[in-house]
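# Observations on the model geometry
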Number of protein chains: 2
Amino acid sequence: MPTTDGSDTGGTGRRMRADARRNQEKLLAAAAEVFVGSGVDAPIRRIAARAGVGMGTIYRHFPTRADLVVAVFRHQIEECAEAGPRFLAEEGSPFAALRRWVGLFADLLVTKHGLAHALQSDSSRFAPLHAYFLDRLQPVAARLLDAAAEAGEIRPGTHPYELLRGIGNLCIGHDDDPRYDPRRLIALLLQGLRRP
Amino acid sequence: MPTTDGSDTGGTGRRMRADARRNQEKLLAAAAEVFVGSGVDAPIRRIAARAGVGMGTIYRHFPTRADLVVAVFRHQIEECAEAGPRFLAEEGSPFAALRRWVGLFADLLVTKHGLAHALQSDSSRFAPLHAYFLDRLQPVAARLLDAAAEAGEIRPGTHPYELLRGIGNLCIGHDDDPRYDPRRLIALLLQGLRRP
DNA sequence: TTACTTTACGGAACATTGTTCCGGTTAACA
DNA sequence: TGTTAACCGGAACAATGTTCCGTAAAGTAA
């Protein structure tokens, strides 16, 4: 798993060359800028151009688009994952923690243009992004669901994966349509979870 | 609004030439076949080739991909729209009718590969598809929701558009992942609608 | 510092797909 | 049957993803 600080080894176990690390950072910065303006489907060429590097360089550092997206959003994903247990400790009930965390998760998807859309995508583009998201967030969702179920606040049996994916899906396309607010539907979904 | 039978006028008010109608039918058949195998994002070239016509022909008949998708699925959309009022008459309660209709709607999206995905899409590709879907199905959803709300079975205030879009979103990507079954989440959503 | 090795860089070249355009063909009709 | 308007096919162009290799730079040791 690559890191973003000076210790990055490029996966080879050897230290990265200085220019390589410089370019990687330039690429991450450029990608973050372009993603905001044009979504995560922006042309690779534009990102390379904005970073001032060639096509070969971007493909060497990030073989797939998903690798680049993961690298750009790693921080936010990490924060979201860490918030789960914290909410469980802070909130009065497991269900309240679950609701708050789901809200944070939805914010992440809604704020970053096209991220939700990329997460499911067709076929298996973005498979690495999908995998990273799940590895990191599914256990968190599972723990919140379990806690709420044990407390008797929701009925048991909900699959964490399915819930995450469903919420992710609901967040798609909110930004080109003011009539559609994913949060209302997410609230309905949570309501449907509650024990009668 | 184009039709598929012999009366098609191509929108000009004049009768279509025989070869034009023949090609349109060949294209519809080919598109339906290709969509099943490769989803609605299959290359235009392949559809044209399967129909045995040139690129110009397909673009003349269906200027955008969405036009072609609409034409292919018109029948199913129409059936779904007509089922709404029928369910309302047949079922014991408005909510039961709503639930049954939502199931039919979901089946439509789940069965036709990639249709759900195309429905929201990014930017505004598929805008005609989106528009047709809404024009036809939103009033049906509205009537079902109103009836259920009036009967006191669900709480009022749910936007038909939002519900349709949400269900559409939930149906995305079910086919490349056995762990994800949109129907379970849709059931939760409906449960969340119910009056306490 | 210099010579040498290893790694990375840049961008041309190729592949795929969407989209447009135009010369030739054909159906419709008098 | 001749005229005309509509239609056809596919070449040509454009945008983008992906690969490859000659060249340049960084690291290393004498």
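These remarks concern the structure in this document. Given the structure is predicted, the values throughout are model-derived calculations rather than measurements.

What follows covers the nonpolar core. Counting 134 residues, the largest nonpolar core has W101 and L129 of chain A together with W101, L129 and F133 of chain B as its most contacted members. The contacts of L129 of chain A, once residues within four sequence positions are left out, are A66, V69, V70, L115, A118 and L119 of chain A.

On to helix α7 (residues 127–150) of chain B, then. All names here are of chain B. Compared with an ideal rise of 1.5 Å per residue, which puts 24 residues at 34 Å, α7 spans 33 Å between its outermost C-alpha atoms and is within 8% of the ideal. Remark: the principal bend of α7, roughly 35 degrees, maps to L137, with a proline, P139, within the next four residues. Those residues of α7 not exposed but buried are L129, H130, Y132, F133, L134, L137, V140, A141, L144, L145 and A148. Where α7 is buried, its residues touch α4 (65–90), α5 (94–111), α6 (115–120), α8 (160–170) and α9 (182–193). A positive backbone phi angle near 80 degrees is found at G152, which sits one or two residues after α7.

This next bit is on the side chain of R165 of chain A. Summarising the element assignment, R165 of chain A is placed in helix α8 (residues 160–170). At 3.1 Å, the side chain of R165 of chain A and the side chain of D177 of chain B are in polar contact.

Surveying the vicinity of DNA strand D reveals 25 residues, the closest of which are R45 and R65 of chain A together with N23, T57 and R60 of chain B. Here DNA strand D approaches the protein such that, of its atoms within 4 Å, sugar and phosphate make up 54%. R45 of chain A is positioned such that a nitrogen or oxygen atom in its side chain is 2.6 Å from a base nitrogen of DNA strand D. Between DNA strand D and the protein, one listed contact pairs a phosphate oxygen with a backbone N or O atom of D19 of chain B at 3.5 Å. Taken together, the elements giving at least two residues each to the surface near DNA strand D come down to α1 (18–38), α2 (44–51) and α3 (55–61) of chain A together with α1 (18–38) and α3 (55–61) of chain B. Of the residues in the surface near DNA strand D, the class split is 8 nonpolar, 7 polar and 10 charged.

A word on the relation of the copies chain A and chain B. Take chain A, turn it by 180 degrees, move it 0.0 Å along the axis, and it overlays chain B with an RMSD of 0.1 Å. The operation mapping one copy onto its partner corresponds to a two-fold rotation axis. Taking the C-alpha atom as reference, chain A places G192 of chain A closest to the rotation axis, 1.9 Å from it. An overlap of 100% is found between the interface residues of chain A and their copies at the interface of chain B, pointing to a shared contact surface.

The local shell around DNA strand C holds 24 residues, among which R17, N23 and R60 of chain A together with R45 and R65 of chain B are the closest. The sugar and phosphate moieties of DNA strand C supply 55% of its atoms located within 4 Å of the protein. In the environment of DNA strand C, a phosphate oxygen lies 2.3 Å from a nitrogen or oxygen atom belonging to the side chain of R60 of chain A. Residue assignment for the surface near DNA strand C shows that the elements contributing at least two residues are α1 and α3 of chain A together with α1, α2 (44–51) and α3 of chain B. No other element matches α3 of chain A, which puts 5 residues into the surface near DNA strand C. For the surface near DNA strand C, the per-class residue count stands at 8 nonpolar, 7 polar and 9 charged.

Each value, and the rule that gives it
Residues numbered from 1 in each chain as written. Chains lettered and ligands numbered in written order. Predicted model: local features only at pLDDT ≥ 70, side-chain atom pairs only at ≥ 80, totals over all residues. Heavy atoms only, no water. Core = buried A, V, L, I, M, F, W, Y, C linked by side-chain atoms within 4.5 Å. Buried < 20%, exposed > 50% of the residue type's maximum accessible area, 1.4 Å probe, protein only. Contact = heavy atoms within 4.5 Å. Helix = DSSP H or I, 4+ residues; strand = E, 2+ residues; numbered from the N terminus. Expected span 1.5 Å × (residues − 1). Bend = angle between axes of the 7 residues up to and from the residue. Polar contact = N/O pair within 3.5 Å; in protein donor to acceptor, adjacent residues only side chain to side chain. Near = heavy atom within 4 Å. Nonpolar A, V, L, I, M, F, W, Y, C, P; charged D, E, K, R; others polar. Least-squares fit on C-alpha atoms with pLDDT ≥ 70 in both.

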